[in-house]
Amino acid sequence: MANAPGARDSADARRSRDARPATDHPQPATAGTPTVLAGARVVLPTGTVEDGRVVVDGTRIAAAAPEHARVVDVSGHWLVPGFVDIHNHGGGGASFTSGTVEEVLRGIRTHRLHGTTTLVASTVTGDMDFLAQRAGMLSELAEQGDIAGIHFEGPFISPCRKGAHSEDLLRDPDPAEVRKLIDAARGQARMVTLATELPGGVDSVRLLAEHGVIAAVGHTDATYEQTVEAIEAGATVATHLFNAMPVLGHRAPGPIAALLEDERVTVELINDGTHLHPAALQLAFHHAGADRVAFITDAMDAAGFGDGRYMLGPLEVEVADGVARLVEGGSIAGSTLTLDRAFKRAVTVDRLPVEHAVAALCANPARLLGLADRIGSLEPGKDADLVLLDDAFEVAGVMRRGEWVVDPQLG
């Protein structure tokens, strides 16, 4: 995805409107001195603590503050863990599929400014050799700690449910070709989205499970029975549930029912007000429960950048009023969502408890990635990744590994 000429002017206008205090280079929160963030409503795994305290010592959350700790008053705010996005294609005008290293880093930083402290870079359908080359580049960023791994969305998806993927580049999920991408990622492949009903689909699920890579059912035309078979083989994620799959029917329930009913499956939801009706979101939470939902952005390069014309692989996309659609055909083409907006919508529009929103943006995706011992909750010993929200649930500060990415400029 590369931004087309003309997109930058509107992007500059948006950045002007959305200006917020942020450092060009993240600054240590403590300058070597432990810091106590005191007085906020702190959302912990056990619930919300009024007038709570979080101690940051270096890059970690500490159990207790030493006598010389600096105390910062964050009263009137919410303090939540840093957001975790397991499905993100870009932002800030940069594509994770086609951008240079510098552009990819700009996209990562764009999402950090909106509270996403952990991000899995997603690719879109492309030629196998090209995707293998991209995997090599992205794996280096993962090894450096800039991203938490790679998600391959396509090319192993159904032409019937291709969405904004190029049909000419789609292919059946041959396990040998799936293995080629895993190998190219050098241990950094985290997830592969497949239409598991296609030839080789179930065998590819087994291959992914054997290699510790998440097999996600998505862009699929599978029946209920075929989806159950894929779950039994090891599929554990529903790629943007409801989107790019058959609708829920009373005689042919399709993949949605199978994915919602199985406790082994985490369901992704794009909570931007475009991809899902609020009733669909409530249905997912009701049937899957708050511990099996992961909010994602499915963001493309226009996220945090602005309206205009972009390229999604070989396909041209028009972004208008923040909604991305293919120029030809009008299909929704990813989103321009950032996770802070997903969080705010969840609690102010969908009326979810804050604790459920935190689970969907933090704890659940962290657990899915196998990183729950480091991120996803505000507990001693974990990385000091946190988001400070004001009483309107707008981002006031973002900390990643003990450094302010967005400086709240408090006393």
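Residues numbered from 1 in each chain as written. Predicted model: local features only at pLDDT ≥ 70, side-chain atom pairs only at ≥ 80, totals over all residues. Heavy atoms only, no water.

Draft legend 1. Geometry of the pattern of salt bridges. Under the counting rule described, the total for this entry stands at 16 salt bridges. Here the residues in one salt-bridge network are Arg60, Arg374, Asp383 and Arg401, joined through shared partners. (Salt bridge = Lys/Arg side-chain N within 4 Å of Asp/Glu carboxyl O.)

Draft legend 2. Summary view of the environment of leucine 169. Looking at the secondary structure, you find leucine 169 in the loop between β12 (150-153) and α4 (175-184). Excluding anything up to four places from it in sequence, leucine 169 contacts Thr125, Gly126, Asp127 and Pro155. (Helix = DSSP H or I, 4+ residues; strand = E, 2+ residues; numbered from the N terminus. Contact = heavy atoms within 4.5 Å.)

Draft legend 3. A look at helix α7 (residues 254-261). Burial analysis of α7 places seven of its eight residues in the buried class, which makes it a mostly covered element. Within α7, the full set of buried residues consists of Gly254, Pro255, Ile256, Ala257, Ala258, Leu259 and Leu260. Elements that come into contact with the buried residues of α7 comprise β14 (214-217), α6 (224-233), β15 (237-238), β16 (266-270) and α8 (278-288). (Buried < 20%, exposed > 50% of the residue type's maximum accessible area, 1.4 Å probe, protein only.)

Draft legend 4. Fine view of the packing of aromatic side chains. The final tally for this structure, using the stated rule, is four aromatic pairs. Ring centres of phenylalanine 343 and phenylalanine 393 lie 6.1 Å apart, and the angle between their planes is 40°; this geometry places the pair in the tilted category. Highlighted residues: phenylalanine 343 in helix α9 (residues 339-348) and phenylalanine 393 in the loop between β21 (386-389) and β22 (395-400), separated in sequence by 50 residues. Each member of the pair, phenylalanine 343 together with phenylalanine 393, is buried. A network of ring pairs unites the aromatic residues Trp78, Phe83, Phe343 and Phe393 as a single cluster. (Phe/Tyr/Trp six-rings, centres within 6.5 Å; stacked < 30°, edge-to-face > 60°.)

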